[in-house]
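# Close look at the chain arrangement
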Amino acid sequence: MTKLFFRRLLSIALIGLVISFLLFLIFESDKLEVAGKVLGAYSLPEQRLLWLEQNGYDEPFLLRYFQWLGKFLLGDWGVSLQYDTPVRPYLMDQLKNTAILGGLVFSLTLVFSLVLGVLSGVFEGRMTDRLVSGFAVLTTSVPEFASATLLAAVFVFWLGILPGTSSFQDGFRWIELVLPVTVLVIYNFGYYTRMTRASMAEVMTSQYVRTAILKGMRFRRVVLNHALRNALIAPFTVMVLQLNYLLSGVIVVEVFFGYKGFGKMLYDAALFGDLYVLEAATMIAVAIAVMSQFISDVGYALLNPRIRFS
Amino acid sequence: MSTSDQRLRSQQPVLECKDLCLSYDTRGGEVEAVVDFNLSIMPGEAVGLVGESGCGKSTVALAIMQYLGRNGSVVSGEINFMGRNLCAMNEAELRRIRGKEIAMVYQEPMASLNPSMKIGKQLIEVPMRHEGLSFDKAYKRAVTLLDEVNLSDPDMMMKRFPHQLSGGQQQRVLIAMALLSRPKLLLLDEPTTALDVTVEAGIVDLIRGIAKKYGTSLLYISHNLGLILETCDRITVMYSGQAVERGSIKQVFDQMRHPYTRGLFSSIPLPGADRHEHPLVPIRGQLPLPQSRPKGCYFSPRCDFAKKGVCDQEQISMQAIAGRQGHVVRCARYNEIDWAKYKPEGLKHPVSQRGGEVLVVDNMKKYYEIKDRSLRALLRGGKTRYIKANDGLSFSAHEAETVAIVGETGCGKSTLAKVLMGLECATEGRIEVKGKNIADLPVQQRNPQMIGTLQIVFQNPFETLNPSYSVGSQVERVLKKFGIARGRAETRRKMHEMLDLVKLPRAFATRKPRQLSGGQKQRIGIARAFAGDTAVIVADEPVSALDVSVQASVTALLSDIQHKKRTTLLFISHDLSLVRYLSDRVLVMYLGRIVEKGTTEEIFSPPYHPYTEALLSAVPIADTSVTKKRIVLKGELPSPSNPPSGCPFQTRCPRKIGKICETEPPPIKEISASHSVACHLEDDVLRAMEPVIEMGKAKTAA
Amino acid sequence: MTEKTDDEETGVAPQSSRLLGLWRGMTLLRESRIGMVGLALVMFWILLSIFAPILPLIDPLQQYACCTQLGVNSHGDGGEFFLLGTDDRGRDILSRLVWGGRLVLFWSAFAMFVAYIVGGSMGLVAGYLGRWWDGVLSFLANVLLSFPVMVMYLLVITYLGGASGANVVFAVTFATAPAIFRIVRGLILDIRARDYVFAAQVRGEHPIRIMLVELLPNVRGPLIVDMCLRLGYTTITIALLGYLGIGLPPPSPNWGTMIADAQQFGHFGVNAMLWPAIAISTLVLGLNLFADGLREVSLRD
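None of these values were measured; they are calculated from a predicted model. Within each chain, residues carry numbers counting from 1 in the order of the written sequence. For this description, chains carry letters from A and ligands carry numbers from 1, given in the order in which they are written. With pLDDT at 70 or above as the cut-off, local features in this predicted model cover only qualifying residues; side-chain atom pairs require 80 or more to be listed or tallied, and sums for whole chains, interfaces and linings still use all residues. Hydrogens and water are ignored here; the side-chain numbers use all heavy atoms of the structure.

### Focus: the overall build of chain A
In plain terms, the rule: The numbering of helices and of strands both runs from the N terminus, where a helix is a DSSP run of H or I of at least 4 residues and a strand a run of E of at least 2. Categorising residues by exposure relies on relative accessible area from a 1.4 Å probe, with only protein chains included: less than 20% of the type maximum marks a residue as buried, more than 50% marks it as exposed, and the intermediate range marks it as partly exposed. Contacts are assigned to residue pairs that have any heavy atoms within 4.5 Å of one another.
Summing up its helical and strand segments, chain A has 14 helices and 0 strands in all. Ordered by position in the sequence, the α and β elements of chain A form the string α-α-α-α-α-α-α-α-α-α-α-α-α-α. Dimensions of chain A, computed from the C-alpha atoms along their principal axes, are close to 85 × 60 × 30 Å. Across the 310 residues that make up chain A, the buried fraction comes to 51%. Long-range contacts, defined here as pairs at least 24 residues apart, represent 72% of the contacts in chain A between residues at least 6 apart.

### Structural notes on the packing of helix α5 (residues 119-130) of chain B against helix α8 (residues 167-179) of chain B
Residue and element names in this part refer to chain B. Test applied: Helix axes are fitted only over the stretch in contact, all axes being lines through C-alpha atoms; the angle between N-to-C directions runs from 0 to 180 degrees. An angle below 35 degrees is read as roughly parallel, one above 145 as roughly antiparallel, one from 65 to 115 as roughly perpendicular, and any other as oblique. For any helix crossing, the convention is left-handed if the near helix is rotated counterclockwise from the far helix by under a right angle, and right-handed if that rotation is clockwise.
Running from N to C, α5 and α8 point in directions that differ by 20 degrees, and their axes come no closer than 8 Å. In this view, α5 runs roughly parallel relative to α8, as classed from their interaxial angle. As for the relative orientation of α5 and α8, their crossing is right-handed in sense. Residues Ile119, Gln122, Leu123 and Val126 of α5 form the contact with α8, whose own contacting residues are Val173, Ala176 and Met177.

### Description of helix α11 (residues 243-257) of chain A
Short version of the rule: The span one expects for a helix is its residue count, reduced by one, times 1.5 Å.
With 15 residues, α11 of chain A should cover 21 Å at 1.5 Å per step; its first-to-last C-alpha distance of 20 Å lies within 8% of that length. Note on α11 of chain A: the residue one or two positions beyond its end, Gly258 of chain A, has a positive phi of about 60 degrees.

### Description of the packing of aromatic side chains
Keep this limit in mind: What counts as a ring pair is set by centres within 6.5 Å for rings of Phe, Tyr and Trp (its six-membered ring), and what kind of pair is set by the plane angle: stacked under 30 degrees, edge-to-face over 60, tilted for all other angles.
Throughout the structure, instances matching the rule amount to 33 aromatic pairs over all chains. With a centroid separation of 5.6 Å and 55 degrees between ring planes, the pair formed by Phe24 of chain A and Tyr65 of chain A is classed as tilted. In this pair, Phe24 of chain A is assigned in helix α1 (residues 2-28) and Tyr65 of chain A in helix α4 (residues 61-74), connecting sequence segments 41 residues apart. An identical accessibility class is assigned to Phe24 of chain A and Tyr65 of chain A; each is buried. Relative to Trp255 of chain C, the ring of Trp45 of chain C has its centre 5.1 Å away and its plane inclined at 70 degrees; by these criteria the two rings are edge-to-face.

### Thoughts on the sheet that holds strand β5 (residues 84-85) of chain B
Residues and elements named next belong to chain B. Spelled out, the test is: DSSP calls a pair of strands paired once it identifies at least 2 bridges connecting them.
Within the open sheet, the 4 strands sit side by side as β2-β1-β4-β5. Their pairing is antiparallel. The open sheet has two free edges, formed respectively by β2 (29-41) and β5, since each of these has just one partner strand. By the bridge criterion, 2 bridges tie strand β4 (residues 72-81) to β5 in an arrangement that is antiparallel. Paired with Asn80 across the bridge in β5 is Asn85. Where helix α2 (residues 57-64) meets the sheet, it contacts β1 (15-26), β2 and β4, and its direction lies at approximately 110 degrees from that of β1.

### Observations regarding the interface of chain C and chain B
Interface size is commonly expressed as the accessible area that is lost once the parts come together. Note the threshold: Accessible surface is computed with a 1.4 Å probe, and the buried area is the amount of it that two parts give up when combined, taken over both parts together. Each salt bridge in this description consists of a side-chain nitrogen of Lys or Arg and a carboxyl oxygen of Asp or Glu lying within 4 Å of one another. Side-chain atoms alone can form a polar contact between residues adjacent in sequence; in general such a contact is a pair of N or O atoms within 3.5 Å, and within protein one must be able to donate a hydrogen while the other accepts it. In the scheme used here, Gly and all other residues not listed as nonpolar or charged are polar, with Ala, Val, Leu, Ile, Met, Phe, Trp, Tyr, Cys and Pro taken as nonpolar and Asp, Glu, Lys and Arg as charged.
Taken together, the contacts link 28 residues of chain C with 28 residues of chain B. Taking both partners together, chain C and chain B bury about 2,500 Å²; carbon and sulfur atoms supply 54% of that area. Our count for the chain C to chain B interface comes out at 3 salt bridges. Taken together, the connections running from chain C to chain B amount to 11 residue pairs in polar contact (both at pLDDT 80 or more). If you list the elements that add at least two residues to the side of chain C that touches chain B, you get α1 (4-10), α2 (14-29), α8 (195-202) and α9 (207-215) of chain C. When residues of the side of chain C that touches chain B are assigned to their parent elements, the largest contribution, 6 residues, is made by α8 of chain C. Among the residues forming the side of chain C that touches chain B, the class breakdown is 9 nonpolar, 5 polar and 14 charged.

### A look at the environment of Ile431 of chain B
Residues and elements named next belong to chain B. Along the chain, the position of Ile431 falls in strand β16 (residues 428-433). Along the sequence, Ile431 and Val361 sit 70 residues apart, while their C-alpha atoms lie 4.5 Å from each other. Those residues within four positions of Ile431 in sequence are excluded, and the remaining contacts are Leu359, Val360, Val361, Met364, Val419, Leu420, Lys436, Asn437, Ile438 and Ala439.

### Quick word on the packing of helix α16 (residues 471-481) of chain B against helix α17 (residues 488-501) of chain B
All names here are of chain B. Contact geometry for α16 and α17: axes closest at 9 Å, N-to-C directions at 115 degrees. The angle between α16 and α17 falls in the class roughly perpendicular. Every pair of crossing elements has a handedness; the one defined by α16 and α17 is right-handed. Note on element contacts: α17 touches α16 through Thr491, Arg492, Lys494, Met495 and Met498, opposite Gly472, Val475, Glu476, Leu479 and Lys480. Looking at the contact of α16 with α17 residue by residue, the classes come out as 4 nonpolar, 2 polar and 4 charged.

### Remarks on the confidence of the model for chain A
Which entries qualify depends on this criterion: Note: pLDDT gives the predictor's confidence per residue, expressed from 0 to 100.
Of all residues in chain A, 99% attain a pLDDT of 70 or more, and the chain-wide mean is 85. Ranking the elements of chain A by mean pLDDT puts helix α14 (residues 305-308) of chain A last, at 74, and helix α9 (residues 207-214) of chain A first, at 92.

### Considering the pattern of salt bridges
All names here are of chain C. For the structure on display, the rule yields 49 salt bridges over all chains. The salt bridge partner of Asp226 is Arg230, with a shortest N-O separation of 3.1 Å. Of the two residues, Asp226 and Arg230 both sit in helix α10 (residues 220-243), 4 residues apart, roughly one turn of that helix. Each member of the pair, Asp226 together with Arg230, is buried.

### Considerations on the state of the cysteines
All names here are of chain B. Our working rule: A pair of sulfur atoms, both from cysteines and within 2.5 Å, is called a disulfide here.
Applying the stated rule across the entire model yields 0 disulfides over all chains. You can see Cys331 has no disulfide; the closest cysteine sulfur is in Cys311, sitting 6.2 Å from it. Look at Cys331 and you get buried, because its relative accessible area is 8%.

### Some details on the sheet that holds strand β12 (residues 328-329) of chain B
Residue and element names in this part refer to chain B. Spatial strand order, β6-β7-β8-β3-β9-β10-β12-β11: 8 strands in an open sheet with mixed pairing. Strands at the two margins of the open sheet, each flanked by one partner only, are β6 (102-105) and β11 (319-320). As defined by bridge partners, strand β9 (residues 234-239) adjoins strand β10 (residues 242-248) across 6 bridges and the pair is classed as antiparallel. Along β10, the bridge assignment pairs Tyr239 with Gln242. Lying over the sheet, α8 contacts β6 and β7 (185-189), oriented at roughly 175 degrees with respect to β6.

### Some details on the interface of chain C and chain A
Counting from both sides, the interface comprises 42 residues of chain C and, opposite them, 46 residues of chain A. Carbon and sulfur atoms make up 75% of the surface buried where chain C meets chain A, a total of about 3,700 Å² over both sides. Taken as a group, Ser146, Tyr159 and Leu244 of chain C account for 15% of the area that chain C buries against chain A, more than any other trio of residues on that side. A salt bridge links Asp292 of chain C to Arg194 of chain A, with the shortest nitrogen-to-oxygen separation between them at 3.0 Å. The interface formed by chain C and chain A holds 4 residue pairs in polar contact (both at pLDDT 80 or more) in total. Those elements giving two or more residues to the side of chain C that touches chain A turn out to be α5 (131-146), α6 (149-159), α10, α11 (255-263) and α12 (270-300) of chain C. Ranked by residues supplied to the side of chain C that touches chain A, first place goes to α12 of chain C with 13 residues.

### Details of a nonpolar patch on the surface
Residue and element names in this part refer to chain C. Formally: Only residues whose relative accessible area exceeds 30% and that form no salt bridge enter a patch; like-charged residues are grouped when within 9 Å of one another, and nonpolar side chains (Val, Leu, Ile, Met, Phe, Trp, Tyr) when within 5 Å. Only the protein chains shown count as cover for residues, and all accessible areas are computed by the Shrake-Rupley method using a 1.4 Å probe.
On the surface, Met43, Leu47, Ile50, Phe51, Ile54 and Leu55 cluster together into a nonpolar patch covering about 540 Å² of accessible area. With respect to the helices, strands and loops of the structure, Phe51 is situated in helix α3 (residues 33-51). Taking relative accessible area as the criterion, Phe51 reaches 38% and is therefore assigned partly exposed.

### Focus: α1 of chain A
Compared with an ideal rise of 1.5 Å per residue, which puts 27 residues at 39 Å, α1 of chain A spans 38 Å between its outermost C-alpha atoms and is within 8% of the ideal. Considered for burial, the residues of α1 of chain A that qualify are Ile12, Ile15, Ile19, Ser20, Leu23, Phe24, Phe27 and Glu28 of chain A. Where α1 of chain A is buried, its residues touch α2 (31-39), α4 and α13 (275-303) of chain A together with α5 and α6 of chain C.

### A short note on the side chain of Arg330 of chain B
All names here are of chain B. With respect to the helices and strands, Arg330 occurs in the loop between β12 and β13 (357-370). Within the structure, Arg330 has its side chain in polar contact with the backbone oxygen of Asp36 (distance 3.1 Å). Beyond its immediate chain neighbours, meaning those up to four positions away, Arg330 contacts Asp36, Gln242, Ala243, Val244, His258, Ile316, Ser317 and Met318.

What follows is the structure, encoded as structure tokens:
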């Protein structure tokens, strides 16, 4: 098990390294463009060359990469070109906001979809299942920007009971979180639920569940003790992996509702060409994605004794 | 248990199925799975339920458990357990009976155990649930039971997960689980089908002991008549959803009355007999689908005695046979058939004169490297280990000769096939086909003619053909590939000839594999293998996945074509009875080595290698006149990656003589020019061995 | 297989049997009600897209100065009737919806096709050949999968020089090919040890033939289902990129862009926002239901 743990860690670290190198390649292989971004579009070529020289850009590419990586790991992320402020505190601030949003969404989705998915999988083909499945397929079909539109039309413009933006102009208010969270939960809920249902339904028809029933166990005990653990292995790992996709939903929702979070920051930085914010933000995003993959892999091994003891 | 209780039990059957009809709801409408089924099991009695796949025998077991799924239902009839109708019980009542009064053991032990729960936990919940035992008491009970099913180190076993056990151990765990609450009735649904013969022998021994020790009644479901003979007191034979014959073992085995029962017995090979004395008689035709059963007797279209106006009119009911208590048969003409005169034409096994050497395998070794990639191994300089899948095989095969390769899981026979086919290269040694060494010639480097001379028939009929293409086009592809036919018309003609050769109608050419039965698919597989200018055919368990009545005809077809084409046949099998029927010479393999080789006669009579002896003893034989010496192997099959030192069989050998077996590889003792045994046993010990299988007097037809 | 004499001989023409198979598949699908609902929704949008040029629609780019108030059913100065109203520049929403659908459907189908070619062939190779092929390709897929999708879109499109159809296809391929790779590889791994594959190997078939002829046709069922679902995701992605302003370039109508444009007008934009939101949801719902229906039918067999 420890061997597996370290092997996964190593492979994840390698993936992270490759991606960071790719990012560096995209961002900084064209030195003149970097200088242009930093000094502004109207800077003269001589100024740019001078800037490059002063900032150590004459070093070999690989060396620059490792210096850059080292600085990133030590927390020196440069200065935002758009806001002229150090990137790290700014980014951390936005990340905190997104963590609130993402955390809420993830935990709510997890609870709803696991409970409903398990119920509908256990009672496959019955009324509960049809209702849940129907609802799930409906919600997976409505992308975030569409459901945001629909919900905003009803609750903001028609009923007028919820705020249409979530920019926290007057400080933090829970009510501004309602729409963004709902939109994200709706879209992700369907996918998770369908997967949990499929997994549960499959396990319920397995031979070992039959064994348990024919041992005379109570149905509830069969479901909770015998079926649930095996059925949750697949959904759990996929859900953690999906954190990656949650992030893209977060960007859309933050842009739609003007929520000052990591996603909106990333989006703005990309459009503005705010190089250092973009670099740091993508690195953070990749780190989150890679970590979630690691957790998913290790979690799978922990949940599955066939891998744990082999 | 009080005596009055016992007396009460002896008066009434433990289980009684009365006029049971079961059906499944399918898209095509309601399908009757079991029709008009009666069965009773007395206390302590073991009853066998035998039949081919799809005859409804497993459905009966699930109906007794009242677990038919959402689309299955009991249409009419009763299932009475200790006088109470199970069909009328609610879930709560059933829960008190399942696992406590009636327990079940299943066909696939691995799938029947919860993969993420320790064995111990899966066991102790039974007595805790049914008898309200405390954890400690339940734990003790579970350990005792594991010990009683002969699992070594039960305490350790409790802490294991299912995937850490072998198939045999898993099945023992399931039997222990079934016995935990001392049930009155134990249902065994093909409990040994997924296991190797020697492992099977151990389980069968255990099952026989159960009935004696606990007085448990058994319902033993199997397709194997030999196993029923070894375990049961009475037998019910099923055909297409109906019981066709019922009686004591002696009555049914020695004086069967139903033509189907008769057909079943005639189509299975017996290891005591050879092919010329007792030719196999296959049952013609196919099992009808439940939706399209014929009127009257379901067996009539396949029956030699069917009479128009008698057999194809009304439902035939079970008829008691005069003078034979308890023997009933579902045949309208059982009294009119004169079995003594009935001499059906058996399958002819032509005798081929063997020619020159075609295949020579000389000291062939195939090792697989297992790299230890752990950090520790890297630091210590990485010791690579090897799986010795084939460890020095030497044998030869002649033209028109059948050489059988016998052994159980992990003996290396599949690896040998792969190396021969060129999917793997030998690590060492030579393989000569018609004088040309192909040991390190992968299939990509062989020319089409070379490939065509060496072909294979696969085991699993459901995988042998590509489901996406018509049967004809798959045969045509082979013909083109081997350069046998050119041009569309010629290829098509040759393809039709191949279909003729395997006795399939030409119209089958346009069918997709899923429209064919298992036996028909195997025939196509055989046609494909013989399409080239074939010199050597490797047949890897070609009939083991087929029903017994089909096995006979496919086997006969294979040896018939082989005879015509004077092909060398390497017949890989675990079924010694079939081997005896089919082969001229036999190699017995264990853990990658040949432990004994000789002509078929020599292998089946002493002196034996101790492993051959155990194998022979393990074969279930459906003949009441046969007596066998019982040898049950102990221990588990060692892993091929870590084989025992000295003799590979020493860890399980009942004839182990001492240290020498553990240290020295056994010498190869030449018993005769053609017979050799790799064993440390002294010559006089070997010569003094007695035959394992003793045939009784030749059976006279009833 | 097409020679006349041969067909007469066997009685069944292979061509007709293939058509028959298709017909049988369709009749099977009829048994799944949700599948039929899905098919109807999808066909609705596909037919609208195909026939957009010949439908009596107002030019989607034509701006009617009289009708720049959003969200009213109104008549244009030339007597045109705007059934679903007009947007902020006085363009007919209905017409933009249909033409936008055409655009979104075309590009998502195209992008998915490209992604399938790339991911599918990689999966085939990794699954069948295994060994180091599998090692390298799986690592590559893992690297790409670890890239947050949206970040990848932002980077690919902003760094490839702005919004264009080709860039969108490129971005979608990058983001979805690894997922397709995993699916195909898994399916191939599942069947690569079947006896008919061995049979092909022992008769010396070339690996490429084995992959394309022996393996690929046998995984088509699950892949078709996946394609339906993935077409839905891709549609969402393309509309989404439009919404974020980094997708297909304006002024051609695009559901995502339509929402983004109308959103600036808050209360007044609701009508113009609502219709494209409904459009994309129905299309994706149709694809999802259709895929569910297909899966249900194929499992029954």
